[in-house]
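# Topology and contacts: notes
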Amino acid sequence: MPFDEGGVSLEVSVNLQTHRVTKRFGDHTIIEDISLELHAGERVALLGRNGSGKTTLLRIIAGLDAPDAGEVLRRGSVAYMAQRSELHGGSLREAVMPEAQRHLKQQLEVAQVNLSDPSAAHLEAFSAAEEAYRVALGYELEIKAEEILGGLELNGSMNSHALSGGQTRRALLARLLLEPSDFYLLDEPTNHLDLDSLQWLEDWITASDAGFLIVSHDRAFLDATVTRCIELERGKLSAYPGNFTAAMAEKQLRLEAAKIAFGAHERKVSQLQREAQLAAQQASRSENKHRVGNRDAMTASHLANRGAHKSGRRALALEARIEHLGELEKPFEDQFMTRVPLEPAAHGPNEVLTLEDLTLTRGERVILGGVTLHLRRGQQVALVGANGGGKSTLLLSILGQLSPTAGSIRHGVGLQVYWAGQNTEELSEYATLKDALLAANPTLETRALYALLASLGLP
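Residues numbered from 1 in each chain as written. Predicted model: local features only at pLDDT ≥ 70, side-chain atom pairs only at ≥ 80, totals over all residues. Heavy atoms only, no water.

Here the focus is the environment of Lys434. Structurally, Lys434 is set in helix 12 (residues 433–440). Put simply, Lys434 and Leu449 are 15 residues apart on the chain and 7.4 Å apart in space, counted from C-alpha to C-alpha. Here Lys434 is in contact with Leu449 and Tyr450, once residues within four sequence places are set aside. (Helix = DSSP H or I, 4+ residues; strand = E, 2+ residues; numbered from the N terminus. Contact = heavy atoms within 4.5 Å.)

Glancing now at the pattern of salt bridges. One pass over the full model with this rule turns up 13 salt bridges. Arg59 is paired through a salt bridge with Asp65; the nearest N and O atoms lie 2.8 Å apart. With a relative accessible area of 28%, Arg59 lands in the partly exposed category. Residue Glu233 is joined to Lys251 by a salt bridge in which the shortest nitrogen-to-oxygen separation is 3.5 Å. Separated by 18 residues along the polypeptide, Glu233 in strand 8 (residues 228–233) and Lys251 in helix 9 (residues 244–286) bring together distant segments of the chain. (Salt bridge = Lys/Arg side-chain N within 4 Å of Asp/Glu carboxyl O. Buried < 20%, exposed > 50% of the residue type's maximum accessible area, 1.4 Å probe, protein only.)

This part is about the sheet that holds strand 12 (residues 406–411). If you trace the three strands from one edge of the open sheet to the other, you get 11-10-12, paired in antiparallel fashion. At either margin of the open sheet sits one strand with a lone partner, and together these are strand 11 (365–376) and strand 12. Strand-to-strand twist across the sheet, computed as the mean angle between neighbouring axes with direction ignored, equals 15°. The sheet contact formed by strand 10 (residues 351–362) and strand 11 spans eight bridges and is antiparallel. Its bridge partner lying in strand 11, Arg362 is registered against Arg365. Running over the sheet, helix 11 (residues 391–398) touches strand 10, strand 11 and strand 12 and is turned about 120° from strand 10. (Pairing = 2+ DSSP bridges. Axes fitted to C-alpha atoms, helices over the stretch in contact; angles between N-to-C directions.)

Structural data, given as structure tokens:
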């Protein structure tokens, strides 16, 4: 049952709740004292830098990892899409079906094969298997599977072991969405989605009655889907209303207000400290009987004691006020910025790249035809299109790894090209990250190299 702050149970419409959850790895605390409520049907973004503990929190909520302290309460079913997972074998249509329905479908297929011997026992077994599959909504899920696979631009007849990395990722998403659940935990669901698939997923999420907790670095996707944001920062959670853009605007307003409050607090404490120090000095001077002039010794002593007592009391009162104000935590500003040490580069050509009437084929299939492009220095161009539309093929031809069937490709004189593959293929020849960085810049000093890797959270 849900909790209030005093630990008393309350009836609240929530699907998922964490109560004072803490998780440590060795001596390092990843998340600390996290309390969170996720309500039925709402769509929430979980924000935070890489390494902040987002995946850890998702796994704890999903029940895959146990917290070191606190507890997690779940109502209804929860489906979790991890960043990395595997598909079962067989056709893609079979691989994305939920485990229970896939098992029942296998039993139905066996029973159907046995009908070649139409005995009473085989007929009864087939009838029972077919009824079990129908009751488990197997036929409905088959139709839904085709819809989801089509929306993600996948063919159900494909071999699940012959998929590319991007196709596998989309197939895992399809499998998750086929699981009838009350709440979905999605960890980077937009990876490897093209524009059409991304739009389909946005529509699917916003039309669903289920709840969602989504981790994504795609700001436009979060703006289109979520209605609340929670940010995990230094092991603590902050909640903001609205989509990503609204949440970040609210965060900035809170930060500015916190800065003003912190500055006023610091000025007040500084003023009280000065007054307390002055009062203490006055009390000390009053104790010097020689500063009271020509009065007799008894009068001088009395005045000195009275002055010292009065100033001392004021100093103590001021110190009590300072203690009552307490310490105000300085507002945290993430100053994260990675500075990459680069060697001075040559100016490079003004005419960078020219494609004229380019045609590219694979076997007998024409991938692209009649492509013309003129790219000048300083221009930035986005190459967009559906998966399988020929984007990677075009890049490979520009890199010289694929010869055009017709047309021409011209690079500017002295042009230097860097290529980054979908699956970090360009790093495969290096044993370590250090080797890769030094290959890119042999003059990189050891201190700068390790500082760069550390700023990215990499060993």
